[in-house]
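The lines below spell out each chain.
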Amino acid sequence: MAELNATHDPARRAWLDIANQPGCDFPIQNLPHGVFRRAGQSARGGVAIGDRILDMQAAVAAGLFAGAPAEAARAAAEPSLNRLMAMGNGAAAALRARLSDLLRAEGPEATRIAAMADRLLVPMTEAEMLLPAEIGAFTDFLTSLYHTERGGRQRNPENPLPPAFRHLPVAYNSRASSVRMSGEAVRRPNGQWQRPDGSVQFGPSEAQDFELEVGFFVGPGNPIGEPIPISAAPDHIWGFCLVNDWSARDIQRWESVPLGPFLSKSLSTSISPWIVTAEAMAPFRAPAPARLPGDPAPLPHLTGVRDQAEGGFDITLEAFLLTPRMRETGAGPARITSTNFLHMYWTFGQMLTHHASNGCNLRPGDLIASGTTSGPTDASRACLSEITRGRDPLTLPNGETRLWLQDGDEVILRGRAERTGHVAIGLGECRGRIDPAPAWPA
Ligand code: CA
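Residues numbered from 1 in each chain as written. Predicted model: local features only at pLDDT ≥ 70, side-chain atom pairs only at ≥ 80, totals over all residues. Heavy atoms only, no water.

Caption draft 1: A look at the packing of aromatic side chains. This structure, assessed with the given rule, holds nine aromatic pairs. Seen from their ring centres, F240 and F313 are 5.0 Å apart, and the 65° between their planes marks the pair as edge-to-face. On the criterion of sequence distance, the pair formed by F240 in strand 14 (residues 237–244) and F313 in strand 19 (residues 312–313) is long-range, its members being 73 residues apart. Exposure remark for F313: the relative accessible area of 3% places this residue in the buried category. Among the aromatic residues, ring-to-ring pairing joins F216, F240, F313, F341 and F348 into one connected group. (Phe/Tyr/Trp six-rings, centres within 6.5 Å; stacked < 30°, edge-to-face > 60°. Helix = DSSP H or I, 4+ residues; strand = E, 2+ residues; numbered from the N terminus. Buried < 20%, exposed > 50% of the residue type's maximum accessible area, 1.4 Å probe, protein only.)

Pasting the structure below:
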């Protein structure tokens, strides 16, 4: 697990002053990786600093890397980061140390590098962000007890939790091909469901929802047949992003018995562009969530000393809604959820070890998401299904109401990690707007 080092030093500042401003998601202590394209150029890897992107292809071409970080720097310049992820957290750490030195004020080469800024740094406003990896597989967990309980109560008020929930992190294999970059519009799906009067119909979903989640990209992974012990799980958790697991609730309710969600989820999943490395998140680790009185202890293979001590994360998570009318009147997006990743019942380490416990192979660039990150309070309900239950409309500051998302509504997810004595870092934003369902082909 990543230890704190000079790259986390709160006194360290970038020579690019905007990165030092309070509230900036991408100070020098963050340095997340992504893939971008500038008009007229090929796609390539970059590192976020302030409101700029360090163009890794330009940085490699300028000869800024030698020795251990050089190979990782080349991998970080590629148009997908799978190879960098496969190299593991040690390689990412060596690269991070060099990047931090290059970008820090009073660094050994600050004057020389700052003089090259025009060549090395791209304004984020001029870049189109692309998926950071070729995502071979996408698994979505269900690890908030509060989310699961609220959902379960609608079906079974006496016994809302599935029997396995406290014994293993529940998950399903979702769809990798429809994972989209933040900012890409999401089409309302056509689908089939049953109306309250018992009739079955096909058409545009009338219950389009979002789910506020955190995901991680798999690092080296495991060969098929070889599980990953919980003590080794951190070596395979490469970096984190925000995930919006768009969910069509009417389709989901009808299709999910007995095999679980299918078309209600595979329509699209949006992720934020910047992958915050495990090392950058190290200052914001927290103990694994405490079990409630009477809950079973996790079985031994899901119990690790370090995972229990620091397998959780203190990340503030928010969801905002921007309707077409708010956009027209110049109103800002309205916050509809404020929660924290500390509320999750299972750690990412437990999710990863459970996933590979049957010998299932996890590969570099696989995406694994936490499930909806709801907490115990009403304010921390992290999807509309919990907020409105499909019955009690949410009222927005301008008086508009929503049971579910309407066409033109945009959902914006934000995540930020803050802790006394450390410089706060952000996961950035994950945005997605609902476009109307396509007309069914004649
Ligand atoms: Ca989900």
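Still more ground to cover, so stick around.
Caption draft 2: Region of interest: the side chain of D307. Turning to its location among the elements, D307 is positioned in helix 10 (residues 305–310). The charged side chain of D307 is buried without a salt bridge, its nearest counter-charge being R285 at 6.4 Å. In this structure D307 touches I230, A288, T347, G349 and Q350, once residues within four positions along its chain are discounted. (Lys, Arg positive; Asp, Glu negative; His and termini not counted. Salt bridge = Lys/Arg side-chain N within 4 Å of Asp/Glu carboxyl O. Contact = heavy atoms within 4.5 Å.)

Caption draft 3: Seen up close, the environment of F65. Relative to the helices and strands, F65 resides in the loop between helix 1 (56–61) and helix 2 (68–76). Taking the C-alpha atoms as reference points, F65 and R98, separated by 33 residues in sequence, lie 7.7 Å from one another. When neighbours within four sequence positions are excluded, F65 is seen to be in contact with M56, A59, V60, A70, A73, L95, R98, L99 and L102.

Caption draft 4: Main features of helix 7 (residues 145–155). Listed in full, the buried residues belonging to helix 7 are L145, H147, T148, E149, R150 and G152. Each element contacted by the buried residues of helix 7 is listed here: strand 6 (138–142) and helix 13 (384–388). One side-chain oxygen of the residue at the start of helix 7 lies 3.2 Å from the amide nitrogen of Y146, identifying that residue as S144. (Polar contact = N/O pair within 3.5 Å; in protein donor to acceptor, adjacent residues only side chain to side chain.)

Caption draft 5: Layout of the coordination of the calcium ion. The protein atoms that coordinate the calcium ion are D140 (OD), E211 (OE), E213 (OE) and D245 (OD), at distances of 2.2 to 2.3 Å. Counting the intervening residues between successive donors of the calcium ion yields the motif D-x70-E-x1-E-x31-D. Here E211 is found in the loop between strand 12 (208–209) and strand 13 (212–218), whereas its partner D245 is found in the loop between strand 14 and strand 15 (247–248), with 34 residues between them in sequence. Of the two residues, E211 and D245, both sit in the buried class. (Donors = N, O, S within 2.8 Å, 3.2 Å for Na, K, Ca; no water.)

Caption draft 6: Looking closely at the domain arrangement of the protein chain. Taken domain by domain, the protein chain comprises domain 1 (6–130) and domain 2 (138–435). Relative placement of domain 1 and domain 2: their C-alpha centres are 28 Å apart. With 29 residues of domain 1 at the interface, the matching set in domain 2 holds 29 residues. Around 2300 Å² of area is buried between domain 1 and domain 2 when both sides are counted, 64% of it from carbon and sulfur atoms. When the buried surface of domain 1 facing domain 2 is broken down by residue, H8, M85 and N89 rank first, second and third, together holding 27% of it. Counting across the interface, domain 1 meets domain 2 through two salt bridges. Across the domain 1-domain 2 interface, the total number found is 11 residue pairs in polar contact (both at pLDDT 80 or more). Where the side of domain 1 that touches domain 2 is concerned, the elements lending two or more residues are strand 1 (33–38), strand 2 (44–49), helix 3 (82–86), helix 4 (88–103) and strand 5 (127–130). The greatest single-element share of the side of domain 1 that touches domain 2, amounting to five residues, is contributed by helix 4. (Domains from an automatic or database assignment. Buried area = accessible area lost by both parts, 1.4 Å probe.)

Caption draft 7: Here's a closer look at the sheet that holds strand 25 (residues 410–417). With mixed pairing, five strands are arranged side by side in an open sheet as 9-26-25-20-21. The outermost strands of the open sheet, each flanked by one partner alone, are strand 9 (186–187) and strand 21 (334–340). (Pairing = 2+ DSSP bridges.)

Caption draft 8: Looking closely at unusual backbone geometry. Here the bond from V257 into P258 is cis, since omega is 5°, no more than 30 degrees from zero. Note that P258 resides in the loop between helix 8 (249–255) and helix 9 (263–266). One non-glycine residue, L31, lies in the positive phi region at around 55°. Within the element layout of this structure, L31 appears in the segment before strand 1. Owing to a relative accessible area of 2%, L31 belongs among the buried residues under this scheme.

Caption draft 9: Structural context of the pairing of strand 10 (residues 190–194). In terms of strand pairing, strand 10 meets strand 11 (residues 200–204) through five bridges, oriented antiparallel. Of the residues in strand 11, the one forming a bridge with Q194 is V200. Connecting strand 10 to the next strand, strand 11, in antiparallel fashion are five residues, including G198 with a positive phi near 95°.

Caption draft 10: Expanded view of the nonpolar core. If you look at the biggest cluster of nonpolar residues, it comprises 63 residues, and the most contacted ones within it are M56 and F65. For this core, the leading source of residues is helix 4, giving six residues. Among the domains, domain 1 (6–130) and domain 2 (138–435) are the pair contributing at least three residues each to this core. Leaving out residues up to four positions away in the same chain, M56 has contacts with G45, G46, V47, F65, A73, A76, A77, L95 and L99. Counting residues in each nonpolar core, the second largest holds 54 residues, with F216, F313, L317 and L405 among its members. (Core = buried A, V, L, I, M, F, W, Y, C linked by side-chain atoms within 4.5 Å.)

Caption draft 11: Looking closely at the sheet that holds strand 4 (residues 121–123). Sheet architecture is open: five strands sit in the order 4-3-2-1-5, paired in antiparallel fashion. Every other strand in the sheet has two partners, leaving strand 4 and strand 5 as the edge strands with one partner each. The sheet shows a mean angle of 50° between the axes of neighbouring strands, direction not considered. Bridge count for strand 1 against strand 5 is four bridges, and the pairing is antiparallel. Its bridge partner lying in strand 5, R38 is registered against A127. (Axes fitted to C-alpha atoms, helices over the stretch in contact; angles between N-to-C directions.)

Caption draft 12: Local environment of the environment of F36. By the element assignment, F36 lies in strand 1. According to the relative accessible area criterion, F36 is buried, its value standing at 0%. What F36 contacts, discounting residues up to four positions off in sequence, is S42, A43, R44, G45, G46, I53, D55, V122, A127, E128, M129 and L130.

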